[in-house]
Structure formats: structure tokens, C-alpha cells
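# Structural description and commentary
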Amino acid sequence: MKKSGLFLLLCSLLLGCYKGYAHYTNDTIRSAGKFSFTVKFDLENARSTIALLGSKHVSEKQLDGWLASAGTRALISKLKSTPAIARSAMIKAIENKKADAEESKYQYAHIRQQLDSMRLFLDRLAMAADSITQAICEELRPFRSSGNDTVVLYGLMGGYSAGFAFTNNKSAFYMGLHFYKGDITGVAVSAKHELFHTIQSAEYQFEPVMENLRQTDSAWEAPYYLLRHIFLEGSAEFVADNEPYLKTSPYLRHEHEHSVVNAYRHEAVFYLIEHLLLDAFHQPSLMDFGQLYSILFDWNWNNPAYYAGKHMMAELVKEYGAGYLQKSLGRDALYFIRDYIQLSGSGRVKEAYSFSAEFTQLVETMLQQVETYQRTAGTVTR
Ligand SMILES: [Zn+2]
């Protein structure tokens, strides 16, 4: 197996042979002719939350400063909470008082029980952050065709999400570091997955295409959105593959063990996807999109669409070479779906799934409309 730069870096961090410099924030700037890729690791929320939770008394000024930081504001927004609730959650945790349901969302009492290990983890992460972002940038740079990207990766302490982003801001994403339990490899590989999403968003604008499909036939909207996300998540899983790290990263091993059940029910995963999408297409008025999305993409359902998308990309890259992934980034996701349906029908793919003629036709019809739209809009499909 070819060892990537990130893999070698993470091995050296694990063996303790990496020497770095402590920074609370680190910038990586890489320029390669047509575009630059800048990643900033911002640990301010994580740092200040740990400092406050470790204090016996905090001033209003300290709390105001903490509440004003970008990371804290994002966490409040993610939790659909308010600065007043965040403030009272923090004060109750410091004073060892019981939080109410809204305050408990911040999980400060839980984090406060592990302050020493969290502090140590943040120190190690701060020392390694610049090298990690550099290695990720090196590996992802070939996937970006042009542009100037600046992405801020916020390390947070609090909340119930290990990683999230807001749809209206593609240049920032957030990681709940308390979920990683000191596992720097887990943070690095998850960050690579999230950073790959920012490249995907920049390389192909799917929203106007989806809007055109919705206006042409509103029953297409949900199947198209879900197929696009199978591509997005599957290829991000393929690029930020967790399998090389299963022995060294408890976080990634836990993720892998949770979703590996999909491999045992491989055919059923594809059957589920195909039939849920056909059902959404045939009966859009009866569809509950939230339920549908969670069955395919949620941890509680073992993320079957992530598994399917990764498998599809792996087989397509095996068939057409590494350039396939690059090519797929600038095209509509429906080409990826159609390519896999064709490959699966060719008999050359491992564990082929036999897609129904109806599903194949749905994909084909939507793709024809995408091509019509792009010709009219003058969009070039690579
Ligand atoms: Zn993702």
C-alpha cells in the first residue's frame, strides 16, 4: 500500500518522534500556480472553554470574551441555543450545579470531569496542527482545479456533534474535540473528510441544477439531492479512508466497526437506497424527507449511504484509474451514479448489485434534463 504524507506524519506523531512548536492557531498556506489553499486551525473555543471550566471563579469580562469568539457563537447556533443559556451552562458547570435540559446540551459537566486529559490533548493538537493541515493540503491540492480557498477549522469543546458545517458558510467547519478522546489521528482523518467537502462544493455548483430539476418535475428533487449526497459522502470517505488507521486510532476503529455491518448486508444496502428513492419519486407527497435522509445518512442507521458511495467510488477508480475521482468532481453526480450502474451491470465489479430498469431510467431521465439545462445555461460539463 502506498503510504501518504498524512499517514507517515500520523505515524511519527504516534511514535512521539515529531517535534513541533506550540501555537494556539496555525496557518498553512500552499500555492500551486492557479490556486492557493489556506487552512487555519482555530482552537480558541476549545482552549478558552477548558480554561473557564478549570477556574474556581470567572469574571463577566472573561465570559463575554468567550461568548464573543467565533467558535462559541457557532456552537450556540448549532445547538439552537442562546448566549444567555451558554453563559448559565458554563457558570453552573463551574459551580458544580445541575444543568437544565437546555444547558445540558453543552455537555460542560462531562467535559469538566476530564479537564486534565482534554488539556493535554489540546496541547498535543496545537503542536501538531500546522503539520496536519500542511499534510492534508498537500494531499487534497490535486483535486482543486482553480480558485483561492481559505478554510477555518474550528476546534470546539461542547455540544453533541463531532463535526458539522453550516450550509451558508462553506469556508468554515467545526469539530467537537471532546468526542475524539485524545485521538489526533481521528481528528486529522475527519478534518481531511470535511476539507474534501469544501473542494467538492467549490468544484461543482449543484444547487442551480437541482432547482432546474425541481421546476421541471418536483418529484425529482429528493432523489437527486440524495444521489448527490451519496456521491459527496462516498467520495469523501474514499479520500479520507479510515482503514489504514484502524490499529492506531480508537476513534476511527469505532466508526469503522459501527458501519462495517453494511458490508455484511451489501446487497440490502443498495436495495434500500434504490427502493427508498423510487418511493420518494413515486409518492413525493407522502415522503418525510427528514426520515428518509436519516435512514440513509444517520449514525443510528449505520450510515448505509456513506458505505454505498465509498464502495461505488472505489470500484469506479479501480476500473477507470485514479483520474476518475478528479473528473467526477467537476461533473454532475448523476454521471457517477450512471457509471456505477453500468459498471455493476458489466459483471466486472465485486458484489455487483442488479439495479432495476426503472431506477436506471430515472437516473437517465434526470441526467438528460441536467444536460439540457447545462446546454441552455452555457455550463460546461467536463
Ligand atoms: Zn461528510
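Residues numbered from 1 in each chain as written. Predicted model: local features only at pLDDT ≥ 70, side-chain atom pairs only at ≥ 80, totals over all residues.

## Quick word on the overall build of the protein chain
Within the protein chain, the secondary structure is distributed over 19 helices and 5 strands. The globule rule puts the C-alpha radius of gyration for 382 residues at 21 Å, and the 22 Å found for the protein chain is close to it. Seen through its C-alpha atoms, the protein chain measures out along the principal axes to roughly 65 × 45 × 45 Å. For the protein chain, buried positions account for 39% of its 382 residues. Sequence separation of 24 or more characterises 71% of the internal contacts of the protein chain that already satisfy a separation of 6 or more. (Helix = DSSP H or I, 4+ residues; strand = E, 2+ residues; numbered from the N terminus. Rg over C-alpha atoms; globule rule 2.2 N^0.38 Å. Buried ≥ 20, exposed ≤ 12 C-beta atoms within 10 Å, placed from the backbone. Contact = placed C-beta atoms within 7 Å.)

## A short note on unusual backbone geometry
Its identity is not glycine, yet Gln-107 carries a phi of approximately 60°, on the positive side. Following the sequence through the fold, Gln-107 ends up in the loop between α6 (101–104) and α7 (108–112). Given 20 C-beta atoms within 10 Å, Gln-107 falls into the buried group. The phi dihedral of Asn-303 falls on the positive side, at around 45°, and the residue is not glycine.

## A word on the domain arrangement of the protein chain
You can read the domains of the protein chain as domain 1 (18–203) and domain 2 (207–377). Between the C-alpha centres of domain 1 and domain 2 the distance comes to 29 Å. The partner domain 2 presents 15 residues to the 15 residues of domain 1 that form the contact. Residue classes in the side of domain 1 that touches domain 2 are distributed as 5 nonpolar, 6 polar and 4 charged. (Domains from an automatic or database assignment. Nonpolar A, V, L, I, M, F, W, Y, C, P; charged D, E, K, R; others polar.)

## Thoughts on helix α19 (residues 357–377)
End to end, α19 covers 30 Å across 21 residues, agreeing with the expected 30 Å (1.5 Å per residue, within 8%). Residues of α19 that are buried include every one of Leu-362, Val-363, Met-366 and Val-370, and no others. Along the long axis of α19, the arc covered by the buried residues comes to 90°, so they all point the same way. Turned more than 90 degrees away from the buried face of α19 sit Ala-357, Glu-358, Gln-361, Gln-368, Thr-372, Arg-375 and Thr-376, all of them exposed. (Expected span 1.5 Å × (residues − 1). Arc of directions from axis to C-beta.)

## Regarding the packing of helix α11 (residues 221–239) against helix α15 (residues 289–297)
Packing of α11 against α15 brings their axes to within 12 Å, and their N-to-C directions diverge by 25°. One way to sum up the angle between α11 and α15 is to call them roughly parallel. For the pair α11 and α15, the crossing hand works out as right-handed. From α11, Ala-222, Leu-226, His-229 and Glu-233 reach across to α15, where they touch Phe-289, Leu-292, Leu-296 and Phe-297. Along the lines of polarity and charge, the residues of the contact of α11 with α15 split into 6 nonpolar, 1 polar and 1 charged. (Axes fitted to C-alpha atoms, helices over the stretch in contact; angles between N-to-C directions. Parallel < 35°, antiparallel > 145°, perpendicular 65-115°, else oblique. Left-handed = near helix turned anticlockwise from the far one by under 90°.)

## Looking at the packing of α11 against helix α14 (residues 266–282)
The packing of two helices is summarised by the inter-axis angle and the distance between the axes. Close contact between α11 and α14 brings their axes to 8 Å; oriented N to C, the two are set at 150°. By the angle between their directions, the pair α11 and α14 is classed as roughly antiparallel. Along the contact surface, α11 presents Ala-222, Pro-223 and Leu-226, while α14 presents Leu-277, Ala-280 and Phe-281. A class-by-class count of the residues in the contact of α11 with α14 yields 6 nonpolar, no polar and no charged.

## Looking at the pairing of strand β5 (residues 169–176)
Along a regular strand, successive side chains alternate from one face of the sheet to the other. Of the strand pairs in this sheet, strand β3 (residues 147–156) and β5 are connected by 5 bridges, and their pairing is parallel. Within β5, the position partnered with Tyr-154 by the bridge is Tyr-174. Relative to β5, strand β4 (residues 164–166) runs antiparallel, the two sharing 2 bridges. Residue pairing for β5: Phe-166 is matched across the bridge by Asn-169. Between β4 and β5, which pair antiparallel and follow one another directly, the connecting turn spans 2 residues. (Pairing = 2+ DSSP bridges.)

## Some details on the environment of Asp-183
By the element assignment, Asp-183 lies in the loop between β5 and α9 (184–203). Between the C-alpha atoms of Asp-183 and Tyr-108, which are 75 residues apart in sequence, the distance is 20 Å. Beyond its immediate sequence surroundings of up to four residues, Asp-183 is in contact with Ser-249, Pro-250 and Tyr-251.

## Focus: the environment of Ser-259
Turning to its location among the elements, Ser-259 is positioned in helix α12 (residues 250–259). Along the primary structure Ser-259 and Trp-299 are separated by 40 residues, whereas in three dimensions their C-alpha atoms are 8.2 Å apart. Residues in contact with Ser-259, not counting those within four places in the same chain, are Asn-302, Asn-303, Tyr-306 and Tyr-307.

## A look at the environment of Gly-155
Along the chain, the position of Gly-155 falls in strand β3. Looking at Gly-155, the number of C-beta atoms within 10 Å reads 27, which means it is buried.

## Here's the deal with the confidence of the model for the protein chain
When the pLDDT values of the protein chain are averaged, the result is 90; 92% of them are 70 or greater. In the model, residues 18–33 has pLDDT below 50 throughout and makes 43 contacts with residues more than four positions away in sequence or in other chains. (pLDDT = per-residue confidence, 0-100.)

## Remarks on the nonpolar core
Formed by 98 residues in total, the largest nonpolar core has its most connected members in Leu-125 and Ile-136. The element best represented in this core is helix α8 (residues 115–140), accounting for 12 residues. Mapped onto the domain boundaries, this core takes at least three residues apiece from domain 1 (18–203) and domain 2 (207–377). Once residues within four sequence positions are removed from consideration, Leu-125 is found in contact with Leu-43, Ile-184 and Val-187. (Core = buried A, V, L, I, M, F, W, Y, C linked by C-beta atoms within 7 Å.)

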